[in-house]
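# Secondary and tertiary structure notes
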Amino acid sequence: MKRLKVGENKCSFTLDGKPFFYLGDTIWSAFTNVTLEEWKYYLHTRKMQGFNVLQINTLPQWDRCMTDVGVYPFATKDGQIFDFSKWDESYYERAREMCRMAKEEGFQLALVVLWLNYVPGTWGSKMLDVNVMPEDFVEAYTEKVVKEFDEFAPIYIVSGDTDFDTEEAIGYYEKAFRVLCEKSPESLKAMHIKRGYDVIPEQFLDRIDFYMFQSGHNAKGQEMAYLLPESFRKKYPKKPMINAEPCYEQMGFSRKEYGRFEPEDIRKAAWSSILSGACAGVTYGAHGIWNWKKVFSKANPVLGEGFDEPQSWENAIHFPGAWDYGMIRHFLEEQGVNELVPCQNLLEDCAPEIRMAKNQDKYFIYMPFNTTLCIKKEFHDYRCLALDLMDKRVAELTLTEKDGMTRTEMHPFQKDVLLIIEK
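Since the structure is predicted, the reported quantities are computational estimates derived from the model, not experimental observations.

## Focus on the sheet that holds strand β20 (residues 383–388)
Read across the open sheet, the six strands follow the order β16-β17-β18-β24-β20-β21; overall the sheet is antiparallel. Whereas interior strands pair on both sides, the edge strands pair on one side only; in this sheet they are β16 (341–342) and β21 (394–397). Running over the sheet, helix α8 (residues 263–274) touches β17 (355–359), β18 (362–367) and β24 (417–422) and is turned about 145° from β18.

## Here we look at helix α6 (residues 167–183)
Taking 1.5 Å per residue as the helical rise, α6 with its 17 residues ought to reach 24 Å, and the 24 Å between its terminal C-alpha atoms agrees with that figure. Residues of α6 that are buried include every one of A169, I170, Y172, Y173, E174, K175, A176, F177, V179 and L180, and no others. Its buried side turned inward, α6 meets β8 (108–115), α5 (138–149), β9 (155–160) and β10 (189–190).

## Quick word on the environment of K10
By secondary structure assignment, the location of K10 is in the loop between β1 (4–6) and β2 (13–15). For K10, a relative accessible area of 48% gives the class partly exposed. As for K10 and E245, which are separated by 235 residues in sequence, their C-alpha atoms are 21 Å apart. Those residues within four positions of K10 in sequence are excluded, and the remaining contacts are K238, K239 and P240.

## Side note on the environment of C343
Structurally, C343 is set in the loop between β16 and β17. By relative accessible area, which is 4% here, C343 ends up buried. Measuring from C-alpha to C-alpha, the distance between C343 and K358 comes to 6.8 Å, with 15 residues separating the pair along the chain.

## Observations concerning the packing of helix α3 (residues 89–104) against α5
At their nearest, the axes of α3 and α5 sit 10 Å apart, and the two run at 45° to each other. Considering the angle they form, α3 stands oblique to α5. In this structure, α3 meets α5 at a crossing whose hand is right-handed. Across from E89, Y92, A95, R96 and C99 in α3, the residues of α5 making contact are Y141, K144, K147, E148 and F149. For the contact of α3 with α5, the residue count by class is five nonpolar, no polar and five charged.

## Some words on the environment of E168
As for its position among the elements, E168 is in helix α6. Sequence separation between E168 and G121 is 47 residues, and the spatial gap between their C-alpha atoms is 5.8 Å. Ignoring any residue separated from it by four or fewer positions in sequence, one finds E168 in contact with P120 and G121.

## A short note on the pattern of salt bridges
This structure, assessed with the given rule, holds 33 salt bridges. The salt bridge partner of K2 is D16, with a shortest N-O separation of 3.7 Å. Taken as a pair, K2 in the segment before β1 and D16 in the loop between β2 and β3 (18–20) lie far apart in primary sequence, 14 residues in all. E339 is the partner of K238 in a salt bridge, and the nearest nitrogen-oxygen pair spans 3.4 Å. You can see K238 sitting in the loop between α7 (224–235) and β12 (241–243) and its partner E339 sitting in the loop between α10 (321–334) and β16, a full 101 residues away along the chain.

Thresholds, definitions, all that
Residues numbered from 1 in each chain as written. Predicted model: local features only at pLDDT ≥ 70, side-chain atom pairs only at ≥ 80, totals over all residues. Heavy atoms only, no water. Pairing = 2+ DSSP bridges. Helix = DSSP H or I, 4+ residues; strand = E, 2+ residues; numbered from the N terminus. Contact = heavy atoms within 4.5 Å. Axes fitted to C-alpha atoms, helices over the stretch in contact; angles between N-to-C directions. Expected span 1.5 Å × (residues − 1). Buried < 20%, exposed > 50% of the residue type's maximum accessible area, 1.4 Å probe, protein only. Parallel < 35°, antiparallel > 145°, perpendicular 65-115°, else oblique. Left-handed = near helix turned anticlockwise from the far one by under 90°. Nonpolar A, V, L, I, M, F, W, Y, C, P; charged D, E, K, R; others polar. Salt bridge = Lys/Arg side-chain N within 4 Å of Asp/Glu carboxyl O.

This is the structure:
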C-alpha cells in the first residue's frame, strides 16, 4: 500500500506523488467501541463528507464511553484494568478487519501507540494511576502494533495527549520510537501532545516527520489555534504542521464549564491554524464520535478531563461542522494550495484573531467578525471575494487603494468569512 510522504516544500504531504491535504477525524475509541456494522456506516458517511484520515487509539481510550462490544487487547475482568501479560488476539483480528474496511474506502490511518495514561510521569497517569504499562513491556507492545498494522501503511502517532515533563515519560517514548524506526522505517511518525503545549524533546526532533499540536477544548484558550503554529515555526525545523485536536463540535467546555463549541468555533480553530502555518491539514472532532456514545451507553467510571454529556454517535456524525471541514479540504485542493505563508505583518492595526496568509499571488484572510481591514500593500488589478463560511454565499468587495495601502469594505454577512484577494 502507498504511504503518505512529506512534500518537497516541507509543509505538506503527498500520496503517490500527488498533493494530499490531511483531513482527519478523531475516532479514538474505534477498536473497542464500534461494531462492524456501525463502522461500515461511519466510513461511508465520513468519506462522503470529505474526510481522508482516521485517528485511532490502538489501546482502549481512557475517557471513552462504555462499550457493549466487549473486546480488549489484553485480558480484563471489567474492561478497565488490564493484564498486560495476556494478549487477546480476537481484539487484533477485529481491529485489522476494521483497518481493511477503512483502506478499501480510501482512508489513511493514523494510529496512536501509547496514550498518555499508559505512561508514567505524564499528567494523565498522575491523575489515574491504573493500567500504567510496565516499562519492560513497551518494546514488545510497539512491536505488536507494527506486526498487526504495518501492512496498512499507517502513520504512527507515538504519543497521545501527552506532555514530556519527566525523564520517565521521555524514556517510555524513546523505547517506542526505537522500535518504530527499526521495524517501520518508511512510515511517517508524529507525536500528539497536550493542549496548549509546544514542547518536543530534542532527541525526537529528527525522528518525527511532522508536528501535531492541540488547541483543545478550553473555552478561554482558543487563541492557541494560531499561537501554537507561530511558536512551532519559530522554535523548530520546518516540517508540516497539523492542529490535531482543535475544539470538538458540541463538546462541553473542558472541566465541565457550562457551554459547548458551535460550528463557527470549530471553523475559527481550523482556519486560524491553517493560515498561521499549519496548512498540511486539520483534524475534526464531534462529541459523541471520538468516544462513541450510544443511546444507552453506561457512564464511564474512569474519566480524564470532565466534559458535559455527548450526543449519541448517530446524531453526532451529522453535525454541520463536518461538512464545513470537508469544504476546507475541497476549497484548498481546488485552489491548488499546498503551502500557505503567514503574512500577519501586512495587516494594519487589527485584532490577532484575524489571520492572513498567501499562496504565490493569492491572499487569504480569515475574519471571525465583520470589520473593515487596512492592508499594507496596494492590490492593482486584484479582486476581493468574501466567502460566507456559514451559508456558503459569495460577495465581491470593493478595494480602495491609497498611499501604498488597501482598504476593504464591510462584507454583507453576519458570521465568519474567508476573504480571497486574487488577480
